[in-house]
Amino acid sequence: MNTTLRRAVGAAVIAALGVPVLAACGGSDDSGSGSKTVTLVSHDSFAASEAVLKEFTQATGYKVKVLKSGDAGTAVNQAILSKSHPQGDVFFGVDNTLLSRALDNGLFTPYEAKGLDRVPKELQADAAEHRVTPIDSGDICVNYDRAYFADHKLSPPTSFDDLIKPEYKNLLVTENAATSSPGLAFQLGTIAKYGDAGWQDYWKKLKANGLEVVDGWEQAYNDRFSGSAAGKKAKGDKPLVVSYASSPPAEVLGVKPLPKEGPTGVATGTCFRQIEFAGLLKGAKNTKGGQALIDFLLGKKFQEDMPLQMFVNPANQDAALPEEFTKFGAKITDPATLAPEKIAKNRDQWVKAWSSLVLK
Amino acid sequence: MSQLRQDLLRLDDVTVRFGGRTALDAVDLEVAEHETVCVLGPSGSGKSTLLRVVAGLQPADAGRVFLSGADQGGVPVHRRGVGLMFQDHQLFPQRDVGGNVGFGLRMRKVGRAEAERRVAELLDMVGLPGAQRRSVAALSGGEQQRVALARALAPRPRLLMLDEPLGQLDRSLRERLVVELRQLFGRLGTTVLAVTHDQGEAFALADRVVVMRDGRIAQAGTPLEVWQRPASEFVARFLGFDNVVEATVSGERADTVWGSVPVPAGTRQGKCRLLVRPAGVRLLPAAEGLPCTVSGRTFRGDHVVLLLRPPNGPELEAACDLRGAPEPDARVGVGFDVNDVVVLGPAEDGTTA
Amino acid sequence: MVLARPEVDVPKRPKRLSRQTAVRLGLMALPVAFFALFFAYPVSAIVARGLKDGGRWQFARVGEVLGDERIGHVLWFTTWQALASTALTLVLALPGAYVFARFDFPGKQLLRAVVTVPFVLPTVVVGSAFLALLGRGGLLDELWGMRLDTTVWAILLAHVFFNYAVVVRTVGGLWAQLDPRQEEAARVLGAGRFAAWRRVTLPALAPAVAAAALMVFLFTFTSFGVVQILGGPRYATLEVEIYQQTARLLDLPTAAVLTLVQFVAVAVLLGVHARTVRRRETALKLVDAAQTSRRPQGPAQWALLASVLAVVALLILVPLVVLVLRSFDGPDGYGLAFYRALASADDNGGTFVVAPLEAIGNSLAYALAATGIAIVVGGLAAAALTRRAGRLVRGFDALLMLPLGTSAVTVGFGFLITLDEPPLDLRSSWILVPLAQALVGVPFVVRIMLPVLRAVDARLREAAAVLGASPLRAWREVDLPLVGRALAVAAGFAFAVSLGEFGATVFIARPDNPTLPVAVARLLGRPGELNYGQAMALSTILMLVCAAALLVLERVRTDRSGEF
C-alpha cells in the first residue's frame, strides 16, 4: 500500500514539474505554425460541422483553431480587454447590441469580404468602412404554446400591444435584461416600438398584466415555458416566452417523421432583430488567413451549415434553409431594429431604468 | 578528570532556556563507553531536556555536545547515531511490531534478510518472539515498552538513551525488567544514558547516578556513594530521607533540637544540616535517650517504618524489625547510630542556614 | 573536572532556526510562486485596470459604488443568505457526518460517493432538477401543496444540497478517526451522552467543523448559479453583480470595487476563522476508522440512521433521480433515444455540439491534471504550514483560501490580460483550464490536510529522526501514512471540484475541447427536446463518471485503513 502511495505522490510531483514544460509546448505550437493556422475567437455558442471546417482547410490550406469563451457579451469584452495582444485572427459573434462598443474600442481592421453583395443591405451595419461583416441574423420574439391556446380557445398574441391585453394576463415569462441577451433584445424591441417616451409606460402595463421575469433563457424556456419539450417535463405553466424565431424549428428537431405543425409558434409582431458580425482583429498574426476565413464564413457552405448549428438565419441570400426552418420557422417581415450607436449610447441607462421598473 | 579514557558522551556547559525558564543550566556531564548512567530527578528538573539535547531534538542555547569526541553542533538528529526510547514509546501506529523494530535498520539501508534476522533476534531478546506481524495497538503496556526498547536497540546505537524506561509498568514487571536490562546492556556492552524519577530503578540500573535539580547537577556518583553520602538536603530528601535537622558540631557530637547526636570523626566544626538515616534511629526503652511518641506506623514488607514525635523539632522516621515494633501512641526512647549520620554540605542548598 | 573550554563563537540556536526557516521557505516556494503567478498577479491586474484611469488611481470610485443603495442590498443579502445556508447545512449534515463516521450499514460507500455527486454537477443542471423537488408539481407540491421555488428557501436548500458532502467528508473524515474511548471516558466520569459529545468530541471536531463551515460559507457567499436559477432576478449576490459588471457591462471600476469588497469580507472571515481554529486545535488521538464504526444498536441509533437516510433521499437523491429520469424520457416514451443521439454524431445533420466521449475524456484529463497540481501545491503548502510559526506563514495560510472567495469571472478576465505575452502566453494553452481549476482545489487540499497533519504527534517524527530518518524521510515515513486517508479525501475533493468546475472554465478562452459541464451548458442553451434530452443524458454521464471516480476513492480508503 505504501508503494502505491509513493507512486501516486511521485506521479503528482512529475505532473507539477511537467506543467511548465507542457505549457511551453502549447505556447510554441501557436506561434510557430502561425502561417498555417488561423485562429477564430468566438463565444460558447459558436458551432460548425467538422466536415465544413475541413473543407475550408482543403480549399485554403489553413487549419482553423477555435477559441471559445462565455456568452456573446463576455467574448466581446474579453476581446476588448486583450486588444493589445489579440488571442486570434478573426472574431465572430459581436451583435448589433454590442457592435458600437467593439467598434469604438478599435477592435477590427477593415476588410471587404467576398460575397458581401449577396447580403441584404439592412444587415450591413458598417457598410461604409467594412470593419465588420454580417454573418447571420436571428429574431428574438415571443413564442407561444399552440396546445395551450387551442385548449383555451384563444388566439395567440401577435404584437407587443396584444401582450398587455387582459386575456393574456399571467401568461408571459421573459428574461432579465441585465443578465440575458434575449431579455435585453426584447426590451430593445419595445424601445424601438414605443420610443424613448413610451417604453417605460409599456413595461408598467406589462408588469401589471402579470409578467414573470427569470434570470436566464434556460430557466425561461426549459423550466417555465409550457410549450417546449423540456418545459413540459418541468411542468412549465407559462404559454408565452421570450425566445428566438428559430426556436419552433428546433422543437421538431430529431422528431421522426416531422409533424405537420410544431408545438410552438412565433408572435411575429414582437420581434427584434439581432445581427451577428465577424471581423478581422487588429494585430492579427495571420491576416491573409483571417481574410480567407471571413470569406468562408460568408460562403454558401458555411451559411447552409449554420442554421442547424447555431439556430440563426444565414446572411447570404443564396444559402438554402433546411426543411425544419422553411416548414416550422416563421417569416419575420418587419422586425424592430435600433441603430447600434443608439444602443451603445443608451444601453446601460436603459437596463438600469428597466431593472428598477420591472424587478422591484 | 583525566582524558585517558575516551568519553563517549560529553556535555560541556550546556544551557537551554524556554522563555524565562532555564531547563538546563550550564550542565557538564560525561558518559564513558559501556557505562550506564542514570539521571535522577523530580519532574521538571530538566532530565528529559538533557536527553533531547543529546539527541539533537532540542538545540542548546549555549555549550556543546560531544559524541566520541566530535562536536555535534550542526549534526542533525538522524546523523547522530544515538538511540532514544521515548517515555510513552511513540510506536508508529501504522506499522506492525516488525515494522517498528526494523524501522531504524531500514533507515540505515540494512538488507531485507539481515534486517529480518535482526528483528527476530531482538524480539527474542525482549521476550516477544514471533510478534513481528502483531499490530502495535493490540499490545499491552509492557509489550509496547519491550517493542520500543527493541526498536531503539535495533540499529545498534553507540549511545542508547531511555526516558523513564519502565515508567508505566507494574512493580513486579519493573523489577524483573530492571534486572533483565542490566544483564542485557552488560552483554551487549551498550552505553546507556537513562532518565528516571524512581531512585530504586536508577540505583538498580546504573553504574553512576546523576541527581538533577532545577537544571543543574546536584550530585553525581556511584549509587552507593549517593545513597550513603547525599551531597545536600535536596538530594537527601529526594532519596526519601526526611530526618534532616539543623545542627552545631563541636568535637564528635552535634547539638540539635533532638538533643546530642554523634557525628563521624573529622566533621567540620560549626553550623550545618544533619541527616540521620531511618536505619540509624535506634529504639530504646522509654526512659532512655530522646523521649518520643509513635505517631504512625507503615508496613514495608520486610520492615516497618515508624513516625516518631519528639518533644521538639521535626518528626523522625525510624526503620525497625517487624517483630517488636511498638504500637501507635506508645512511648519510646530514641538513640542515634553514628554510622547512619550524614553531615550535609551547605552547597547547592538554599535552605541551609 | 576542569576542561579546556574553547570559546563558543557560533550561537547554535539562530543557525538551527534559520535552517528550519529555510526548509519551510523551500516548501512554500512552489505554492507561493503558483499563487503569485496564477492568482495574485491576474486578479490584481484586473482590479488595477478598473481602478486606474489614465494612469491615476480613482479611489473616489470606491465611495461612489459603496454608497449605492442597491449595492448595499446586494451585500446584505449575500451575507445573510450565506450565514443561513451555512447554519442549515451544518444542522442537516452533522448528523450525516456522524452516521457516516460511526455506523456501518450496507451501501455506505456508494452513498458516500452519491452525496458528493451534487458538488460536481453544474448548477444549470441541478437548478432545474431541484425545481422538481421544490417547484410547481414537485414532490413538496404534490404532497403538501407547498411551493418554494421562488422563495429564499429554495436557495438555502439548494445550498445544503450542494454542500452536504463538504460537511460529511471534512467532519466525518476526522470523526471516524477519533478514538471513541475518549467519549467513553467522559461517560464514565458522569457525563450524559450529549454532554460527553459536547465536551469531548465537539472540541476535538471543532477544527474540522470550522473548516467545513468556512468552506460552505465561502461557497454560498460566492454563490452564482443557484442564486440565479432558483432565486430569480430579485436575488443577487455579490458574485452575480461582479459577473454583470465585468462580463456584461464592462464596467471594470465598479467590478474592481466589488472585488475588493469581496476580498475584505473573505479576509475578515479567514482572520476570524484562523483565530478560533488556532485556539482550539490540539493534538488528537487518531485511530483506525474501520475500528470506530459498527452497526447501529438500539432504536435510537436506528432512528438516527433512518432520519439521516431520509434527509439524503429527499434532498439529494430525488433531484438526481429526476435528472436521470429525464434523460430517459424521450419523445417516444422512456428509452435510450437521447443517449443514442449522443452516440451518433451525424444525426440530424450535426446538431451535435460536442462529441460526448471526447468531452468525458477532456473532463477526466483536465481533472487529473488539476488534481495533480492541487495535491502538489496544496500538499507542499500544508507541509510548510504544519508547524505553526510567524505571522508570515499564517498570512500564507489565509492567502491560499482567497481563490474560493474570488469570482471566477475576475480570475478568468485576469488571466486574459496578464498571461498574454511570451513566455507566459498561456491563453490558448490547455494548461490554463487545470490551472484555474487547481486554484479552487488547493484550498480544499490545504484545509483537509492541515488539521490532520497538525494532529500528528510531533514526537513520532522525533522517534523516526532518532532512528535515522532525515526530516524529509520522517515526513514520508510517519506523516504520510498517517495522513494517507486525508490525502485521499483531499485528492477526491480536488478531483470532484475540477470535474464539475464551470465558472473559471467557461471564462477562459480555450481551444475547443469542452469539458462535460461546458458541453451540458451548451446543450441546455439550445431549444428543442433533443438538445435538452442530450443535456440530461450528458449530465447523467457526468454524474456516473463522478460517482465512479469517487467510488474508486472509497475503495482506496478502505484498502489502506487495514494498515492503520
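What you see is a predicted model; the values in this text were computed from it and never measured.

**Student:** Can you lay out the overall build of chain B for me, pointing to particular residues and giving the numbers?
**Tutor:** Counting its regular elements, chain B contains nine helices and 20 strands. With the C-alpha coordinates of chain B rotated into their principal frame, the extents come out at 75 × 45 × 40 Å. Of all intrachain contacts in chain B linking residues separated by at least 6 positions in sequence, the fraction that spans at least 24 positions is 65%.

**Student:** Report on the packing of helix 7 (residues 181-208) of chain A against helix 14 (residues 340-359) of chain A, specifying residues and quantitative values.
**Tutor:** Residue and element names in this part refer to chain A. Their axes nearest at 11 Å, the elements helix 7 and helix 14 cross at an angle of 30°. The angle between the axes of helix 7 and helix 14 places the two elements in the roughly parallel class. As for how helix 7 packs across helix 14, the hand of that crossing is left-handed. Taking contact as the criterion, the partners of Leu184, Gln187, Leu188, Ile191, Gln200, Trp203, Lys204 and Lys207 in helix 7 are, on helix 14, Ile343, Trp350, Val351, Ala353, Trp354, Leu357 and Val358. Residues that form the contact of helix 7 with helix 14 fall into these classes: eleven nonpolar, two polar and two charged.

**Student:** So what about the nonpolar core? Which residues, and what values?
**Tutor:** Counting residues in hydrophobic clusters, the biggest one holds 394 residues, and the most contacted among them are Val171, Val445, Met449, Ala490 and Ala494 of chain C. In this structure, this core is formed jointly by two domains, domain 1 (7-230) and domain 2 (241-344) of chain B, each of which donates at least three residues. Once residues within four sequence positions are removed from consideration, Val445 of chain C is found in contact with Ala374, Ile375, Gly378, Gly379, Ala382, Ala490 and Ala494 of chain C.

**Student:** Which residues make up the interface of chain C and chain B, and what values go with them?
**Tutor:** The partner chain B presents 27 residues to the 23 residues of chain C that form the contact. Secondary structure elements with two or more residues in the side of chain C that touches chain B: helix 1 (12-51), helix 20 (458-466) and helix 21 (471-500) of chain C. Counting residues per element, the side of chain C that touches chain B draws most heavily on helix 20 of chain C, which supplies six residues. Of the residues in the side of chain C that touches chain B, the class split is 13 nonpolar, two polar and eight charged.

**Student:** How would you sum up helix 5 (residues 141-153) of chain B? Please name residues and give values.
**Tutor:** All names here are of chain B. Here helix 5 spans 18 Å end to end across 13 residues, near enough to the 18 Å set by a 1.5 Å rise per residue. A large share of helix 5 lies buried, amounting to ten of its 13 residues. Among the residues of helix 5, those classed as buried are Gln144, Gln145, Arg146, Val147, Ala148, Leu149, Ala150, Arg151, Ala152 and Leu153. Taken together, the buried residues of helix 5 touch strand 6 (82-85), helix 2 (97-101), helix 3 (103-107), helix 4 (112-125) and strand 7 (159-163).

**Student:** Help me get a handle on the confidence of the model for chain B, residues and values and all.
**Tutor:** Residue and element names in this part refer to chain B. Predicted confidence across chain B gives a mean pLDDT of 87, with 96% of residues reaching 70 or more. A low-confidence stretch, residues 347-353 (pLDDT under 50), is modelled with twelve contacts involving residues beyond four sequence positions or located in other chains. Note on the complex model: pTM 0.73, ipTM 0.79.

**Student:** An account of helix 3 (residues 69-102) of chain C is needed here, citing residue identities and associated values.
**Tutor:** For an α-helix, 3.6 residues make a turn, and residues three or four places apart therefore share a direction. Here helix 3 of chain C contains 34 residues, and its C-alpha end-to-end distance of 49 Å stays within 8% of the 50 Å for a straight helix at 1.5 Å per residue. At Ala93 of chain C, helix 3 of chain C shows its largest bend, some 35°, and a proline, Pro95 of chain C, comes one to four positions later.

**Student:** Help me get a handle on the environment of Leu305 of chain C, residues and values and all.
**Tutor:** Residue and element names in this part refer to chain C. Residue placement: Leu305 occurs in helix 14 (residues 298-328). Judged by C-beta crowding, with 18 C-beta atoms within 10 Å, Leu305 ranks as partly exposed. Remark: the alpha-carbon pair of Leu305 and Pro95, spanning 210 residues in sequence, is separated by 8.6 Å. Apart from the residues within four sequence positions on either side, Leu305 is in contact with Val99, Phe103, Phe105 and Pro296.

**Student:** Please provide a residue-by-residue account of the sheet that holds strand 7 of chain B, values included.
**Tutor:** Residues and elements named next belong to chain B. Strands sit in the order 6-7-8-3-9-10 across an open sheet of six strands; the sheet is mixed. Each edge of the open sheet is held by one strand with a lone partner, namely strand 6 and strand 10 (216-221). Ignoring strand direction, the axes of neighbouring strands in this sheet form an average angle of 20°. In the packing of helix 5 onto the sheet, contacts are made with strand 6 and strand 7, and the angle to strand 6 comes to roughly 170°.

**Student:** Kindly report on the sheet that holds strand 5 (residues 70-71) of chain B, identifying the contributing residues and their values.
**Tutor:** All names here are of chain B. Spatially, four strands are ordered 2-1-4-5 in an open sheet, and the strand pairing comes out antiparallel. The open sheet terminates on both sides in strands that have one partner only, identified here as strand 2 (21-32) and strand 5. In this sheet, strand 4 (residues 62-67) lies alongside strand 1 (residues 7-18) in antiparallel orientation, the contact comprising five bridges. Across the sheet, Asp12 pairs through a bridge with Arg64, a residue of strand 4. Packing of helix 1 (residues 47-55) onto the sheet brings it into contact with strand 1, strand 2 and strand 4, and relative to strand 2 it is tilted by some 65°.

How each quantity is defined
- Residues numbered from 1 in each chain as written.
- Chains lettered and ligands numbered in written order.
- Predicted model: local features only at pLDDT ≥ 70, side-chain atom pairs only at ≥ 80, totals over all residues.
- Helix = DSSP H or I, 4+ residues; strand = E, 2+ residues; numbered from the N terminus.
- Contact = placed C-beta atoms within 7 Å.
- Axes fitted to C-alpha atoms, helices over the stretch in contact; angles between N-to-C directions.
- Parallel < 35°, antiparallel > 145°, perpendicular 65-115°, else oblique.
- Left-handed = near helix turned anticlockwise from the far one by under 90°.
- Nonpolar A, V, L, I, M, F, W, Y, C, P; charged D, E, K, R; others polar.
- Core = buried A, V, L, I, M, F, W, Y, C linked by C-beta atoms within 7 Å.
- Buried ≥ 20, exposed ≤ 12 C-beta atoms within 10 Å, placed from the backbone.
- Domains from an automatic or database assignment.
- Expected span 1.5 Å × (residues − 1).
- pLDDT = per-residue confidence, 0-100.
- Bend = angle between axes of the 7 residues up to and from the residue.
- Pairing = 2+ DSSP bridges.

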